[in-house]
Amino acid sequence: MMQRQSLAALLSLACLLTGCAGQDSSPEIQQETVLQASNLAAGFKATLMATLMEGLADGPEQAIGACAVRAPELAAEYSRDGIRIGRTALRLRNPANAPEPWLEPLLEEYLAAGPGAGPQAVRIDASTVGYVEPLYVGRPCLTCHGEIIAEEVRDQIEAAYPEDDSVGFREGDFRGLLWVTINEDGV
Ligand code: HEC
């Protein structure tokens, strides 16, 4: 479920995407920026996953609480000094996670690509770099995003997210993106 991309592949990908062909006049994406984004993404993901697994050990209802509160909190904690981090999806649970415009084509791209696609970095504007990592549905995710959801869990999700559109997934499905933006001027 966790896609690990080798550093070399990641960096050559960054090169590939940043106009090594020379067609793009916007500044090249620096390797350090991509590294910084991938480190941030890894930290965010590990902390969120630990919160989720701890919660699930106490029961899915606790986990929903932990996830609902901690996911936005964690995203806010990571977002400083020109850095923002978050999660988004085509089929949303929390409307606050709706994709920003730069993420929309990437969501469609990953959905079409199917499983196994790796992270990528894109230039959003002259001073902002975006980084995305695809999130795929693993077995623990099915408790709250799967096809069959326990009634108590379903009730709790519906109460908190009346417009939830993020159930009915199968293992291996593309679920959404973990994204990072880095402002190279640090603002
Ligand atoms: C205990 C229930 C639970 C489990 C298990 C769970 N999620 Fe979620 N998921 C939630 C809740 C609650 C939210 C809304 C939290 C928020 O505001 O970000 C959410 C939101 C998301 C989002 C943000 C986009 C959106 O729809 O709002 C993604 C992406 C996501 N989950 C992926 C996963 C993946 C991948 C797994 C498995 C590793 C997983 N979830 C496991 C409850 C769960």
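Residues numbered from 1 in each chain as written. Predicted model: local features only at pLDDT ≥ 70, side-chain atom pairs only at ≥ 80, totals over all residues. Heavy atoms only, no water.

- Per an unreviewed UniProt entry, the protein goes by DUF3365 domain-containing protein and derives from Candidatus Polarisedimenticola svalbardensis.

### Structural notes on the environment of Arg 123
Part 1 of the reasoning: Mapped onto the fold, Arg 123 is located in strand E2 (residues 120-125).
Part 2 of the reasoning: According to the relative accessible area criterion, Arg 123 is buried, its value standing at 18%.
Part 3 of the reasoning: As for Arg 123 and Pro 27, which are separated by 96 residues in sequence, their C-alpha atoms are 8.4 Å apart.
Part 4 of the reasoning: Arg 123 has contacts with Ser 26, Pro 27, Glu 28, Ile 29, Thr 128, Val 129 and Glu 184, leaving out every residue within four places of it along the chain.
Part 5 of the reasoning: Reaching out from Arg 123, the side chain makes a polar contact with the backbone oxygen of Pro 27 at a distance of 2.6 Å.
Part 6 of the reasoning: At 3.0 Å, the side chain of Arg 123 forms a polar contact with the backbone oxygen of Ala 126. (Helix = DSSP H or I, 4+ residues; strand = E, 2+ residues; numbered from the N terminus. Buried < 20%, exposed > 50% of the residue type's maximum accessible area, 1.4 Å probe, protein only. Contact = heavy atoms within 4.5 Å. Polar contact = N/O pair within 3.5 Å; in protein donor to acceptor, adjacent residues only side chain to side chain.)

### Here's the deal with the site of the ligand
Part 1 of the reasoning: For the ligand, the set of nearby residues contains 22 residues, the closest of which are Arg 93, Asn 94, Cys 141, Cys 144 and His 145.
Part 2 of the reasoning: Within the side chain of Arg 87, a nitrogen or oxygen atom sits 3.2 Å from an oxygen atom of the ligand.
Part 3 of the reasoning: Contact between the ligand and Asn 97: an oxygen atom at 2.8 Å from a side-chain N or O atom of the residue.
Part 4 of the reasoning: Taken atom by atom, the bulk of the ligand overlaps the largest pocket. (Near = heavy atom within 4 Å. 1 Å grid on protein atoms, 1.4 Å probe; cavity = no way out; pocket = protein on both sides within 12 Å on 5 of 7 lines; lining within 4 Å. Sits in = over half its atoms within 2 Å of the grid points.)

### Section: the pairing of E2
Part 1 of the reasoning: The pairing of E2 with strand E3 (residues 128-136) spans five bridges and is antiparallel. Its bridge partner lying in E3, Gln 120 is registered against Val 132.
Part 2 of the reasoning: Counting the residues that bridge the hairpin from E2 to E3 gives two residues. (Pairing = 2+ DSSP bridges.)

### A look at unusual backbone geometry
The bulk of non-glycine residues show a negative phi, and the bulk of peptide bonds are trans.
Part 1 of the reasoning: Phi is positive for Asp 81, close to 50°, though the residue is something other than glycine.
Part 2 of the reasoning: Within the fold, Asp 81 resides in the loop between helix H3 (60-78) and strand E1 (83-88).

### What to know about the packing of helix H2 (residues 31-58) against H3
Part 1 of the reasoning: At a closest axis distance of 7 Å, the pairing of H2 and H3 adopts a crossing angle of 160°. Between H2 and H3, the angle falls in the class roughly antiparallel. Two packed elements cross with a definite hand, and for H2 against H3 that hand is right-handed. Between H2, through Leu 40, Gly 43, Phe 44, Thr 47, Leu 48, Thr 51, Leu 52, Gly 55, Leu 56 and Asp 58, and H3, the contact on the second element is made entirely by Pro 60, Gln 62, Ala 63, Ala 66, Cys 67, Arg 70, Ala 71, Leu 74, Ala 75 and Tyr 78. (Axes fitted to C-alpha atoms, helices over the stretch in contact; angles between N-to-C directions. Parallel < 35°, antiparallel > 145°, perpendicular 65-115°, else oblique. Left-handed = near helix turned anticlockwise from the far one by under 90°.)

### Considerations on the sheet that holds E2
Part 1 of the reasoning: Strand order in the open sheet made by the four strands is E1-E4-E3-E2, with antiparallel pairing throughout. Here the strands that pair on one side only, and so sit at the sheet edges, are E1 and E2. Between one strand and the next, the sheet's axes are offset by a mean angle of 25°, whatever the strand orientation.
Part 2 of the reasoning: Note: E1 against strand E4 (residues 174-183), six bridges, orientation antiparallel. Pairing of Ile 83 across the sheet is with Ile 182, part of E4.
Part 3 of the reasoning: Where helix H4 (residues 104-113) meets the sheet, its contacts fall on E1, E2, E3 and E4, and the angle it forms with E4 comes to roughly 140°.

### A few points about the pattern of salt bridges
Part 1 of the reasoning: All chains considered together, the criterion is met by ten salt bridges.
Part 2 of the reasoning: In this structure, Lys 45 engages Glu 133 in a salt bridge whose closest nitrogen and oxygen atoms are separated by 3.1 Å. One end of the pair, Lys 45, is in helix H2; the other, Glu 133, is in strand E3, and 88 residues separate them in sequence.
Part 3 of the reasoning: The exposure class of Lys 45 is buried, given its relative accessible area of 13%.
Part 4 of the reasoning: Through salt bridges with shared partners, one network takes in Arg 93, Arg 154, Glu 158 and Asp 164. (Salt bridge = Lys/Arg side-chain N within 4 Å of Asp/Glu carboxyl O.)

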